[in-house]
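A look at the structure
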Amino acid sequence: MSEGKQYLLDKTLETWKGKRVALAVSSEHSFTGILEGFDEEVILLKDVVDIVGNKAKALIVKIDDLNWIMLL
């Protein structure tokens, strides 16, 4: 990822911290949760729910595996 795009991602995710987001992983799985934190490699969500309603306390996703992420 180019430096400019990484900066935009970091800036956007920083403003979304603590808010509910939805994301798609490898175009097969969708999740919603509260954005807890992130770094250059992973995103951490808490209070996670998947597309069929399964719940989890937390989820770590590699940024390279994300197809999209949106603020809810």
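What counts, and at which threshold
Residues numbered from 1 in each chain as written. Predicted model: local features only at pLDDT ≥ 70, side-chain atom pairs only at ≥ 80, totals over all residues. Heavy atoms only, no water. Pairing = 2+ DSSP bridges. Helix = DSSP H or I, 4+ residues; strand = E, 2+ residues; numbered from the N terminus. Axes fitted to C-alpha atoms, helices over the stretch in contact; angles between N-to-C directions. Patch = residues over 30% accessible without salt bridge, like charges linked within 9 Å, V, L, I, M, F, W, Y side chains within 5 Å. Areas by Shrake-Rupley, 256 points an atom, 1.4 Å probe, with all protein chains shown as cover. Salt bridge = Lys/Arg side-chain N within 4 Å of Asp/Glu carboxyl O. pLDDT = per-residue confidence, 0-100.

So, on to the sheet that holds strand S2 (residues 29–38). With antiparallel pairing, five strands are arranged side by side in an open sheet as S4-S3-S2-S1-S5. Each end of this open sheet is capped by a strand with a single partner; those strands are strand S4 (55–62) and strand S5 (66–71). Averaged over all neighbouring strand pairs, the angle between strand axes comes to 40°, with direction disregarded. Pairing geometry for strand S1 (residues 20–25) and S5, over five bridges, is antiparallel. The residue bridging alanine 22 from the neighbouring strand is methionine 70, located in S5.

With that settled, consider the pairing of S4. The pairing of strand S3 (residues 42–50) with S4 spans seven bridges and is classified as antiparallel. Bridging from a neighbouring strand, valine 49 pairs with lysine 55 of S4. If you look at the hairpin formed by S3 and S4, you'll find four residues sitting between the two strands, and glycine 53 has a positive phi there, around 100°.

Together, Trp68, Met70 and Leu72 make up an exposed nonpolar region whose accessible area comes to about 310 Å². Here methionine 70 shows up in strand S5.

Per-residue confidence for the protein chain gives a mean pLDDT of 92; residues scoring 70 or more make up 93%. Within the protein chain, the lowest mean pLDDT, 85, falls on helix H1 (residues 3–16), and the highest, 98, falls on S3.

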